[in-house]
Structure formats: C-alpha cells, structure tokens
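One letter stands for each residue in the lines below.
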Amino acid sequence: MIPVVPRVAAVHDISCFGRCSLTVIIPILSSMGIQVCPLPTAVLSTHLGGFKDVAFCDFTDRMPEFYRHWKQEGITFDCIYSGFLASEQQIDTVSHFIDEFSENHPLVLVDPVMGDEGKLYSVYTPTMQEQMKRLVSKANIITPNFTEACFLLGERYEDQVAEPDRLKEWLIRLADFGPSIVIMTGIPLADQQIMNIGYERESGSFWEVACEHIPARYPGTGDIFASVLAGALLYKHSLPLAMKLAAAFVAAAIATTFAAGTPTREGVLLENALPWLGQEWANCRRGTFE
C-alpha cells in the first residue's frame, strides 16, 4: 500500500549554488508528492565544478546524531537515497544508517557517485572504491553512470561505445554485487546518442532509453535522473516507465538550458523545466504518459 505521502531520506550534500544534490532533489521529489528528509553530508557554498575557493562545512560527525534522533522519534522511511559521499567515514556512516532503518524494508537507492568522463573524482581512493562496492551491496537499486560502472567492474572506459549490447553482461555483474535493479546511465554511443540501460534481476529483463547528445555537460543531471526514477518507483510504476520519465525530464531540462545559453556551471534551468515534469507526472498517474 502506498503511503499518503511517501517519505524519502536523502543522503546528499547541500551545494548552495549550482543546482545539484539536495537543491534539485527536494523540489523534484516534492513536486511528485513525496516528502524529502535531508541527511546532509556537507554544506558547500557552490558545487565543486567550475568554482574556486569553495566554502565547505563537513557534516560527517553530525550525521549519526541526526539519524539517531529520527530513530528515537520512531521515524521511518519508504526510501533511502544516497549520492555523492566524500570520505571513507561517510560511506561507512551511510551503511550503518541503512542497517538502522531497514526494519520496514525501505527501497534503498544508491547512486555510486565516483566520477565522470572516464575519471574518478580526486577524493576517491582505492579504499573508497572498495567501500562503495560494499555499500552497493545493501541497495535495491543502483544508478552508476558509464564511468562509475567501469570502475566498479574494473573495465576500460571508452569515449564511444560501438556495441552497447555487450554492456548487458556488465549489468548482470553489477547486480551480482547485491542490487536487484541496475541502471547504467550516460553511455556514449557512436551515433551521437546517449543511452541508459536498465536490468531487473528477478525477471532477467533489460530496457534501453536513448536520447540525442547535446554538446554541454551540466552538474546535477545524475541527481535529477535518480530522483525522478525513485519517485516513480515509489508510486509503483514499472521500471521501464520510470526510466523513460527520468530520461525524458533530464533531456528536456538540458535542452531548455542549452537553448538559453546559461553558464554550464550553474546547472540546468530546473525552475523552467519543472512544469514539464508536473504535467508528465500527472499523465503518468492517469496512465497516459507516452
């Protein structure tokens, strides 16, 4: 039975400028009728891409105090959703948090944010990569991008993937870590398209969603995709529909922003794109989304 208002614990940073992490997750999920309870990992003046001398407040030591208070108050969650984690301790803390709040079997979505365009983020050590594999094992759903899938599996990164069908075997291997659903995002195809491929272990089914490549990279698009996906799945929509809605919204947001010509480091124009999501989400609820 779906709660009147599903509740998500969102374990992400707050980048106060740049439209990523919690500043996009909260409005997206709220617009889908879902309560977002942030468990902040850090507060930053901006995100880390394209800005200098970022002001930073680390919340690692405070995170257990927050969730222990939730536990004390009997608060439960329908979904636990984690994103970028900046240290070994944060990964360990999120793992403990999942264990503490597992009694009611929430949907656990781990976005293993580790890198992009074939490179790991500078904070990611070999130890953190191994810890991320253990965190992934606690998830029901993971949403690695192509780079992150390469590093999780020890595979070579390619600028263009000529034979995407061979990545289905990668999805099966990623599911072997533990999650029942794996969605690999941002796969660069040779025909100037970007593909997302999903796999559901229980049915053995695969789904593909492709969109045209736009020559601009905006922060936060992975957060946007995973948020819409989580929202649709919480309302018991099918995985292919959830993937299609998430990919379509990311594509619409990117196209809107690219047309406006705003600086890429400011992220997508979420404020302009949210009405599109509202309309299409209503169509999903009515069963008329195409």
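Just above sits the structure.
Every value quoted in this text rests on a predicted model; they were computed, and no experiment measured them. Each chain has its residues counted from 1, following the order in which its sequence is written. Totals for whole chains, interfaces and linings use every residue, but because this is a predicted model, local features are given only for residues with pLDDT of at least 70 and side-chain atom pairs only at 80 or more, for both listing and counting. Excluding hydrogens and water, the side-chain figures rest on all heavy atoms present in the structure.

## A short note on the layout of surface pockets
Inference 1: Within this model, the second largest pocket holds a volume of roughly 400 Å³.
Inference 2: In this analysis, the protein atoms alone were mapped onto a 1 Å grid. Cavities are point sets where a 1.4 Å probe fits without being able to get out; pockets are open sets with protein on both sides within 12 Å along at least five of seven lines; lining residues have an atom within 4 Å of a point. Lining the second largest pocket are 21 residues, and of these Leu-107, Ile-141, Leu-233, Leu-234 and Lys-236 lie nearest its centre.
Inference 3: Classification convention: Asp, Glu, Lys, Arg as charged; Ala, Val, Leu, Ile, Met, Phe, Trp, Tyr, Cys, Pro as nonpolar; all other residues, Gly among them, as polar. Here the lining of the second largest pocket is composed, by residue class, of 11 nonpolar, six polar and four charged. Grid points are joined across faces, edges and corners, and a volume is the space filled by probe spheres set on the points.

## As for the packing of aromatic side chains
Inference 1: The rule is short: rings of Phe, Tyr and Trp, with Trp giving its six-membered ring, pair when the centres are within 6.5 Å, and they are stacked under 30 degrees, edge-to-face over 60, tilted in between. Under the counting rule described, the total for this entry stands at 15 aromatic pairs.
Inference 2: For the pair Phe-17 and Phe-51, a centre-to-centre distance of 5.9 Å together with 90 degrees between the ring planes defines the contact as edge-to-face. In this pair, Phe-17 is assigned in the loop between strand S2 (14–15) and helix H1 (22–31) and Phe-51 in the loop between strand S4 (42–44) and strand S5 (56–58), connecting sequence segments 34 residues apart.
Inference 3: Relative accessibility decides the category of a residue: with a 1.4 Å probe and only protein chains considered, values under 20% of the type maximum give buried, values over 50% give exposed, and everything between is partly exposed. Its relative accessible area of 40% is what places Phe-17 among the partly exposed residues.
Inference 4: A ring pair is formed by Phe-77 and Phe-101, whose centres lie 5.6 Å apart and whose planes are at 55 degrees; its orientation type is tilted. Of this pair, Phe-77 sits in the loop between helix H2 (63–72) and strand S6 (79–82) while Phe-101 sits in the loop between helix H3 (88–100) and strand S7 (107–110); the two residues are 24 residues apart in sequence, bridging distant segments of the chain.
Inference 5: Site record: aromatic cluster; members linked through ring pairs are Tyr-67, Trp-70, Phe-77, Phe-97 and Phe-101.
Inference 6: The aromatic ring of Tyr-235 is capped on one face by Arg-285, whose charged end is 4.2 Å from the ring centroid. For the purposes of this entry, the term helix denotes a DSSP run of H or I that reaches at least four residues, the term strand denotes a run of E that reaches at least two, and both are numbered from the N terminus. The criterion is that NZ of a Lys, or CZ of an Arg, lies within 6 Å of the ring centre and within 35 degrees of the ring normal, and then a charge sits over that ring.

## A word on the pairing of S7
Inference 1: Strand pairing is defined by DSSP finding a minimum of two bridges between the two strands. The sheet contact formed by S6 and S7 spans four bridges and is parallel. Across the sheet, residue Tyr-81 finds its bridge partner in S7, namely Leu-109.
Inference 2: By definition, the crossover connecting two strands over a helix is right-handed if that path, from the first strand to the second, turns clockwise as seen with the strands pointing away from the viewer. On the question of chirality, the crossover connecting S6 to the parallel S7 by way of H3 is right-handed.
Inference 3: Bridge count for S7 against strand S10 (residues 141–142) is two bridges, and the pairing is parallel. The residue bridging Val-110 from the neighbouring strand is Ile-142, located in S10.

## Side note on the packing of helix H5 (residues 146–153) against helix H6 (residues 167–175)
Inference 1: Closest axis-to-axis distance for the H5/H6 pair is 11 Å, and the angle between their directions is 60 degrees. Accordingly, the angle class assigned to the pair H5 and H6 is oblique. For the element pair H5 and H6, the recorded crossing hand is left-handed. From H5, Phe-146, Ala-149, Cys-150, Leu-152 and Leu-153 reach across to H6, where they touch Leu-167, Trp-170, Arg-173 and Leu-174.
Inference 2: Residues that form the contact of H5 with H6 fall into these classes: eight nonpolar, no polar and one charged. Every axis corresponds to a line fitted to the C-alpha atoms, with the helix fit spanning only the stretch in contact, and the corresponding angles, defined between N-to-C directions, vary from 0 to 180 degrees. What sets the label is the angle itself: under 35 degrees gives roughly parallel, over 145 gives roughly antiparallel, 65 to 115 gives roughly perpendicular, and the rest give oblique. We call a crossing left-handed when the near helix sits turned anticlockwise from the far one by less than a right angle, and right-handed when that turn is clockwise. Residue contacts follow a heavy-atom distance rule, with two residues in contact if any of their heavy atoms lie within 4.5 Å.

## With respect to H5
For the α-helix, the turn length of 3.6 residues means that residues three or four positions removed from each other point alike.
Inference 1: The buried fraction of H5 is high, at seven of eight residues.
Inference 2: All of the buried residues in H5 are Phe-146, Thr-147, Glu-148, Ala-149, Cys-150, Leu-152 and Leu-153.
Inference 3: Elements in contact with the buried residues of H5: strand S8 (115–116), strand S9 (119–120), helix H4 (126–136), H6 and strand S11 (181–188).
Inference 4: Polar contact is the term for a pair of N or O atoms within 3.5 Å; when the atoms are in protein, one must be able to donate a hydrogen and the other to accept it, and sequence-neighboring residues count only if both atoms are side-chain atoms. Residue Asn-145 occupies the N-cap position of H5, its side-chain oxygen lying 3.1 Å from the main-chain nitrogen of Thr-147.
Inference 5: Two residues or fewer after H5 comes Gly-154, characterised by a positive phi angle close to 70 degrees.

## Overview of the sheet that holds S4
Inference 1: What the three strands build is an open sheet, ordered S2-S4-S5; its pairing is mixed. For this open sheet the edge positions go to S2 and S5, each flanked by a neighbour on one side alone.
Inference 2: Bridge count between S2 and S4: two bridges; the pairing is parallel. Paired with Ser-15 across the two strands is Leu-44, which belongs to S4.

## Notes on the pattern of salt bridges
Inference 1: Should a side-chain nitrogen of Lys or Arg be within 4 Å of a carboxyl oxygen of Asp or Glu, the pair is scored as a salt bridge. Tallied over the entire structure, the rule returns 10 salt bridges.
Inference 2: Of the charged contacts, one joins Asp-116 and Arg-217 as a salt bridge, the two residues approaching to 2.9 Å between their closest N and O atoms. Taken together, the residues span a long stretch of sequence, with Asp-116 in strand S8 and Arg-217 in the loop between strand S13 (205–212) and helix H7 (221–234) at a distance of 101 residues.
Inference 3: Classification of Arg-217 by relative accessible area gives partly exposed; the value is 46%.
Inference 4: Across the pair Glu-155 and Arg-173 runs a salt bridge, and its minimum N-O distance is 2.6 Å. Taken together, the residues span a long stretch of sequence, with Glu-155 in the loop between H5 and H6 and Arg-173 in helix H6 at a distance of 18 residues.
Inference 5: Residue classification places Glu-155 among the partly exposed residues on the basis of a relative accessible area of 30%.
Inference 6: Among the charged side chains, a salt-bridge network with shared partners connects Asp-116, Glu-117 and Arg-217.

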